[in-house]
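Reading the structure
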Amino acid sequence: MDAEMSAHIEMQTERNITAGVDPDEARYAALRQFGNVGSLQERAREQRGWVWLEQLSQDLRFGARSLRKQPGFTTVAVLTLAFGIGANTAIFSVFEAVLLKPLPYPNPGQLVTLTDLHQKGYIRAASFPNFADWREQNSVFQEIAAASSVSYNLAGDGEPERVLAQRVSAGFLPLLGISPGLGRWFTADEDRAGADRVAVISHGMWLRRFSGSSDVVGKRVILDSESYTVVGVMPDGFRTVAGGRFLSAVDTCELWTPLATDADKSPRGSVFLRVIGRLKPGVSLEGASGDMNAIAAGLAELHPSENAGFGIRVRDLHMDLAESARPAVWLLAGAVALLLMLVCANVANLFLVRAAARTGEMTVRAALGASRARIVRQLLTESALVAACGGGLGVVFGWWGVGLLRRFLPQNQVPLNAAEINITVIAFTLAVSLAAGLVFGLAPAWLSAKAGLNNALKNASKGAIGGGRGRLRHGLVVGEVALAFMLLTGAVLVAKSMEHLLKVDPGFRATNVLTMRLHLPGARYDASEKIRAFYDELLARLNALPGVESVGGVAALPMSGGISTWSFAIDGRPEPVGAMNYTDVQSATIDYFATLGIPLFRGRLFEEADHAGTSMVALINRQMVAKFWPGEDPVGRTIGLAGQTHTIVGVVGDVRHFGLSANVRPETYVPHTQRAERSMMLAVRAKSDSEALAGAIRAQIAQLDPTVPLADVRTLEAAVASTTSDSRALVLLLGVFAGAALVLAALGLYGVISFSVGNRTREIGIRVALGARNGDVRSMVVRQGLLLVFCGLVLGLMASAASSRLLADLLYEVKPMDPLTYLLVSIALAAVALLALALPAWRATKVDPVIALRAE
């Protein structure tokens, strides 16, 4: 009985399919007809599942076979899609590393930064006394720790070298939730004045200086002529925390020493610490801010001269570290997203052309009973296969792209070596591939299935394309032009910003200047007389070298940062309680200004007579004059710096110390002969090639003191260029993306108009037969294309205007809504469009009316 029923069911299923019923429904209807019992329903559901899997397998095999028959189409579609997905994969890997990946510490959401925030909006680092009060008085943190970036002269086995380090409080590493890879961290007893000097070294230094020896703990290193005992080694790949930047996967910090051994005597007005904290469980940022601001109010009452007007900003650590990179990363992510949309539009156009060529095939399938859903599913399967191939190749392109980014682009703000193709990035690529397949495959599939049988046969006989499909192709081209306009506009605006930036006067002449840093160890150079004697002798030796024009020294050269900021008082001008004047202060040698070409505007420069034991003098920059003596001559006035009175003897030009785009700050110079500093940066101006002097300079320093290393040797031109490297990289990437967008938009426009000319052959033949000239035919074709371009430009202009604020933070002296830029981009797109239309217009004039009408 079961065999007979099964035979009847199979026969009825075939009848239902022949009648045009979908195979799934045909099977279920047959089962329902011969007995609507539970067992049959279960068997029906089972059969439906197997039928669906079998049909999916058939669709995949048929789709793969169909794509193999058109290798040109498949190759172009896959490569185009792979390019867009690859670019998105590479940039997303950076996006994920900078903005999404949590910090590599346990419970990173509890980590915050604490910063002094003035009521006028500016922030500053913390002083050691303030940090100590915050740590003792708060009730919302498990731990508060502080760090200060320093550098040491490292001596001992091997060549002396200058190494980057951090002085940190004892709670620093426990706060981060990390343990040393070898040995231990220093204790609270070791983090106090007078304690034995200890150090923890990085994994890289352990391998480089100690060959990875397991008995390194207990060994001694010489830092600035002081002996330190190594008590631990950091784990491999440890990422430390420093203020103002997001650190790379392998940081350059190589030493950690206790903070309080040197900092506990610093005054409350000396601000140099970066403070981090770990919130107690259940404490929010708002709750922590309220608690800390109450502490700040108490400190302002007790110490008004240093703390009046200051509160405490509590901010998520990850957000704070990634802040400088966020605008550029978001801009690149938006650019590649627009590029992917362009790629999808182009591939969708390719699928529409292919669908038009397959009208006859779809018509036959519909005539044989294929449902609309089945046709859509088949076409979506083919687009999914293309998307899968494009996504797989896109991962390879993205991997290459990340390698290129690491190799050719700077990492001043964005840690490219932290970017990697990990599981998150691969999942993103998979999602993008599926979404792209749906985007460029759904509309063509739906339109192909939607076309009625009679219309399809009629259009197929004429070789015409359906109206809906034609409108979609035109809409896609309009969208491509709009997206290309947005990308080109962004690229041009950033390029113009870069052009303005490069025209900024840095305040000095950088050509043929070699710079370097020296630091004299305090144990051997513990008196100002010894420091001055060393530098006087060194400057005399360097000035005597062949090829040297002049030599100058300063605490911090332009573009190097690291300038001390001091409060000062203007003699004879009383200030309200809590109101403080601030200026950057550094000592400089007599020939420093001549060496760098910094101009003198009033008064005089430093002289030999300005030596220790004479009245303290100072030079100030023009920005300081404009802020504190507007419309006055400050020469001869006196100011109080660090408890000493200095007479202003001259006004020099403004120097941009923190980058070409950074605002100039008030600055004061004091003579190195009156305020000798162990750390000095030298500038050597050469008569021709400054880099050729590096060897001779090293030799002179080694003769004077072989334990003093020479660090950061580079030309001043390279230092200036490094401040614009991020902007150059952004211009380069946006230029590449914009160029690709321009090509894709041109190809899309060419494809649509070329296809339109092919489908209007009969119409063009009739026009020519009725007397239309070649110029008339060309005008008709070009007008059609330019109308699409015009619509795209209008749409792109509106979209660019709506998103213009996103660019504002990345531009320098350029408005996001720059009319000239919009006009130039529009002209460029129109010119490229005319080139893309030239060939279809020429082909249209070659239509033979006799041949065109004979087909009718």
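Residues numbered from 1 in each chain as written. Predicted model: local features only at pLDDT ≥ 70, side-chain atom pairs only at ≥ 80, totals over all residues. Heavy atoms only, no water.

1. As for the pattern of salt bridges
All told, the structure shown has 24 salt bridges when counted by the stated rule. The residue K219 makes a salt bridge to D215 at a minimum N-O spacing of 3.9 Å. For the salt bridge of K503 with E499, the shortest nitrogen-to-oxygen distance reads 3.5 Å. When salt bridges with common partners are traced through the structure, they connect E161, R208, R209 and E254 into a single cluster. (Salt bridge = Lys/Arg side-chain N within 4 Å of Asp/Glu carboxyl O.)

2. So, the layout of surface pockets
Looking at the second largest pocket, its volume works out to about 490 Å³. Surrounding the second largest pocket, 24 residues form its lining, L331, G334, S803, L806 and L807 being those nearest its centre. For the lining of the second largest pocket, the secondary-structure elements that each account for two or more residues are α12 (326-357) and α17 (467-502). Element by element, the count of residues in the lining of the second largest pocket is highest for α12, at eight residues. A per-class count over the lining of the second largest pocket returns 16 nonpolar, six polar and two charged. (1 Å grid on protein atoms, 1.4 Å probe; cavity = no way out; pocket = protein on both sides within 12 Å on 5 of 7 lines; lining within 4 Å. Points joined across faces, edges and corners; volume = space filled by probe spheres on them. Helix = DSSP H or I, 4+ residues; strand = E, 2+ residues; numbered from the N terminus. Nonpolar A, V, L, I, M, F, W, Y, C, P; charged D, E, K, R; others polar.)

3. So, the packing of aromatic side chains
Taken as a whole and judged by the stated rule, the model has 17 aromatic pairs. For the ring pair F397 and W400, a centre distance of 5.8 Å and an interplane angle of 25° mean the geometry is stacked. With F397 and W400 both in helix α14 (residues 372-408), this residue pair falls three residues apart, about one helical turn. Given the relative accessible area of 25%, F397 is considered partly exposed. Ring pairs connect the aromatic residues F92, F95, W330 and F428, which therefore count as one cluster. (Phe/Tyr/Trp six-rings, centres within 6.5 Å; stacked < 30°, edge-to-face > 60°. Buried < 20%, exposed > 50% of the residue type's maximum accessible area, 1.4 Å probe, protein only.)

4. Notes on helix α26 (residues 819-845)
For α26, with 27 residues, the first-to-last C-alpha span of 38 Å sits near the 39 Å given by 1.5 Å per residue. At A838, α26 shows its largest kink, close to 35°, and the proline P840 lies no more than four residues downstream. Restricting attention to buried positions, one finds in α26 the residues T821, Y822, V825, S826, L829, A833, A836, L837, P840, A841, A844 and T845. (Expected span 1.5 Å × (residues − 1). Bend = angle between axes of the 7 residues up to and from the residue.)

5. Notes on unusual backbone geometry
A positive phi is found at S211, a non-glycine position, where the angle reads about 55°. For S211, the location among the structural elements is in the loop between α7 (203-210) and β8 (220-223). Phi angles above zero are rare outside glycine, and D712 is one such case at about 55°. Structurally, D712 can be placed in strand β23 (residues 711-715). Residue D712 is classed as partly exposed on the basis of its relative accessible area, which comes to 48%.

6. Considering the nonpolar core
Membership of the largest hydrophobic core comes to 89 residues, with the highest contact counts inside it found for F440, F737, L749 and L829. Looking at this core, the elements that each hand over two or more residues are α4 (71-100), α12, α14, α15 (423-450), α17, α23 (725-759), α25 (774-802) and α26. No other element matches α12, which puts 18 residues into this core. Excluding residues within four positions of it along the chain, L829 makes contact with V481, A484, F485, L488, L742 and L793. (Core = buried A, V, L, I, M, F, W, Y, C linked by side-chain atoms within 4.5 Å. Contact = heavy atoms within 4.5 Å.)

7. Side note on the confidence of the model for the protein
Per-chain confidence: the protein averages 81 in pLDDT, with 83% of residues scoring 70 or above. Confidence drops under pLDDT 50 across residues 36-42; counting only partners more than four residues distant or on other chains, this segment forms five contacts. (pLDDT = per-residue confidence, 0-100.)

8. With respect to the environment of L259
For L259, the location among the structural elements is in the loop between β10 (255-258) and α8 (260-263). As a C-alpha pair, L259 and F128 span 131 residues in sequence and 9.3 Å in three-dimensional space. Not counting residues within four places of it along the chain, the set of residues in contact with L259 comprises F128, A146, R167, V168, S169, D191, F272 and L273.

9. With respect to the packing of helix α18 (residues 528-543) against helix α21 (residues 694-704)
Two elements in contact, α18 and α21, have axes whose closest approach is 10 Å; the angle formed by their N-to-C orientations is 145°. Remark: the crossing between α18 and α21 carries right-handed chirality. In contact with F534, E537, L538, R541 and L542 of α18, α21 contributes I697, Q700, I701, Q703 and L704. Counted by class, the contact of α18 with α21 contains six nonpolar, two polar and two charged residues. (Axes fitted to C-alpha atoms, helices over the stretch in contact; angles between N-to-C directions. Left-handed = near helix turned anticlockwise from the far one by under 90°.)

10. Description of helix α9 (residues 285-302)
Across its 18 residues, α9 extends 26 Å between first and last C-alpha, which sits within 8% of the 26 Å expected from 1.5 Å per residue. When α9 is considered as a whole, its buried residues turn out to be A288, S289, D291, M292, I295, A296, L299 and A300. In this structure, the buried side of α9 is in contact with β1 (111-118), α5 (128-137), β4 (141-155), β11 (271-279), α10 (304-307) and β12 (310-316).

11. Observations regarding a positive patch on the surface
Where like charges cluster on the molecular surface, the positive patch consists of R61, R65, R68 and K69. Mapped onto the secondary structure, R65 falls in helix α3 (residues 38-69). Judged by its relative accessible area of 39%, R65 falls in the partly exposed class. (Patch = residues over 30% accessible without salt bridge, like charges linked within 9 Å, V, L, I, M, F, W, Y side chains within 5 Å. Areas by Shrake-Rupley, 256 points an atom, 1.4 Å probe, with all protein chains shown as cover. Lys, Arg positive; Asp, Glu negative; His and termini not counted. Charge placed at Lys NZ, Arg CZ, Asp CG, Glu CD.)

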